[in-house]
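For reference, the chains in residue letters:
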Amino acid sequence: MKETFTLEKSAVIEIISGLRCTPKHLPSKYFYDEEGSKLFDKITLLDEYYLTRTEKKILNDNLAEFEQLLGDEIELIEPGSGSSEKTRILLDHLTNIKRYIPIDISGDYLFSVADQLRVEYPDITIDPLSVDYTYPFELPNTSSKVQKIVFFPGSTIGNFQLSKIQRFLSILSTIIGKKGGVLIGVDLKKDVATLEEAYNDSRGVTAAFNKNMLLHLNTIINTDFDIDNYTHKAVWVEEKGAVEMRLYSKVNHAITVNGLNFEVRKGEYLHTENSHKYSLDEFSSLVSPWFKVKKVWVDDHKLFSVQYMIPRH
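Residues numbered from 1 in each chain as written. Predicted model: local features only at pLDDT ≥ 70, side-chain atom pairs only at ≥ 80, totals over all residues. Heavy atoms only, no water.

**Some words on the nonpolar core**
Logical step 1: Within the largest apolar cluster, 63 residues are counted, with the highest numbers of intra-cluster contacts made by L26, F66 and L90.
Logical step 2: The element that contributes the greatest number of residues to this core is helix α9 (residues 205-221), accounting for six residues.
Logical step 3: Here L90 is in contact with L63, F66, L76, I97, F151 and L183, once residues within four sequence places are set aside.
Logical step 4: Core analysis: the second largest hydrophobic core is formed by 29 residues, I77, L129, F137 and L172 among them. (Core = buried A, V, L, I, M, F, W, Y, C linked by side-chain atoms within 4.5 Å. Buried < 20%, exposed > 50% of the residue type's maximum accessible area, 1.4 Å probe, protein only. Helix = DSSP H or I, 4+ residues; strand = E, 2+ residues; numbered from the N terminus. Contact = heavy atoms within 4.5 Å.)

**Topic: unusual backbone geometry**
Logical step 1: In this chain, T22 is followed by P23 through a cis amide linkage whose omega measures -5°.
Logical step 2: In this fold, P23 is placed in the loop between α1 (2-19) and β1 (24-25).
Logical step 3: Phi at S155 takes a positive value of approximately 55°, unusual for a residue other than glycine.
Logical step 4: Note that S155 resides in the loop between β5 (147-152) and α7 (162-176).
Logical step 5: Judged by relative accessible area, S155 falls into the buried class, the value being 6%.
Logical step 6: With phi around 60°, K302 is a residue other than glycine that occupies positive phi space.
Logical step 7: Positionally, K302 belongs in the loop between β12 (291-298) and β13 (304-311).

**Considering the sheet that holds strand β11 (residues 269-276)**
Logical step 1: Spatial strand order, β1-β11-β8-β7: four strands in an open sheet with mixed pairing. Strand pairing shows two members of the sheet lacking a second neighbour, β1 and β7 (230-237), which therefore form its edges.
Logical step 2: As defined by bridge partners, β7 adjoins strand β8 (residues 242-249) across eight bridges and the pair is classed as antiparallel. Bridge pairing in β8 links Y230 to S249. (Pairing = 2+ DSSP bridges.)

**Overview of the pattern of salt bridges**
Logical step 1: Tallying each qualifying case throughout the model produces 18 salt bridges.
Logical step 2: For K38, the salt bridge is made with E34, and the minimal N-O distance between the two is 3.5 Å. Remark: E34 and K38 occur in helix α2 (residues 34-43); sequence separation between them is four residues, near one turn of the helix.
Logical step 3: Judged by relative accessible area, E34 falls into the partly exposed class, the value being 38%.
Logical step 4: The partner of K240 in a salt bridge is E244, with the nearest N and O atoms 2.7 Å apart.
Logical step 5: Residue K240 is classed as partly exposed on the basis of its relative accessible area of 44%.
Logical step 6: Among the ionic contacts, a cluster of salt bridges with common partners joins E14, K29 and D132. (Salt bridge = Lys/Arg side-chain N within 4 Å of Asp/Glu carboxyl O.)

**Some details on the sheet that holds strand β6 (residues 181-187)**
Logical step 1: The sheet built from seven strands is open, its strands ordered β4-β3-β2-β5-β6-β13-β12 with mixed pairing. Pairing within the sheet leaves two strands with one partner each, and these edge strands are β4 (125-126) and β12.
Logical step 2: In the packing of helix α4 (residues 63-70) onto the sheet, contacts are made with β2 (74-79), β5, β6, β12 and β13, and the angle to β12 comes to roughly 165°.
Logical step 3: Those strands touched by α7 are β2, β5, β6, β12 and β13, and its axis lies near 150° from that of β5. (Axes fitted to C-alpha atoms, helices over the stretch in contact; angles between N-to-C directions.)

**As for the environment of L19**
Logical step 1: In this structure, L19 sits in helix α1.
Logical step 2: On the basis of relative accessibility, which here comes to 3%, the residue L19 falls in the buried class.
Logical step 3: Taking the C-alpha atoms as reference, L19 lies 31 Å from P102; in sequence the two are 83 residues apart.
Logical step 4: Not counting residues up to four positions away in its chain, the partners in contact with L19 are K24, H25, L26, I255, V257, F262 and L270.

What follows is the structure in structure tokens.
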């Protein structure tokens, strides 16, 4: 009960703070209840969403090099693991993985996936951890004898604002210690049409995913969002170097959070996610206070990159 209360209290504070801003915003981590996780899995299969298939090809094409780089015995740690689909590429082929620690805020979905992974990989220890990984946390019973490797695919790093990136990179640095590493997916800058189409799919799956955040918040903190009041749109914002996910209000209405009312005007939007895109030099500079980029793999069309980072100190 204590953990649930803390998470609920934190959510109330974050949502109230976000709705007081101009433009109003909601933290993207609230996309991921069980339904949100399932919807995102569907997004990754869409024709417009090049990120997943491109990253998976990079992973599959470079397995031998990954195994050589990552160490003889490793603990694979994955913040925001979701369905662990991409992780299975590594679990299937890298014999040096002795333990896998999937981490996700959506506990029920996480534990369900972990149970299935234990069946699929009986020789690998599976230890799920349900926490908000954007804040400092401790790993369960880790060994100092194995190398800690964080796997952070999907260009999820692009969803962070600068201040939160800095905190997250500091958390990763603490987790892996001096001898660990980070294998991370980073989406690259490209033409605007390709970027916007990836987040405005023709089947409306991304729209459902975006609106599901509101339903999730209604469940965990008793807000009264009506998803029929909103329409989804994602736009490229050049000065930010990011695709912004937005929910535009179709009517004037009010939202109630913890007894407080927030007016939303017709045409106003709730900003729900950033998806920053980087050049290789920009990303190297971004992580440089904590990490050195040791190796980069890029697809033939230069859409996406997988990068291996090691501690700078």
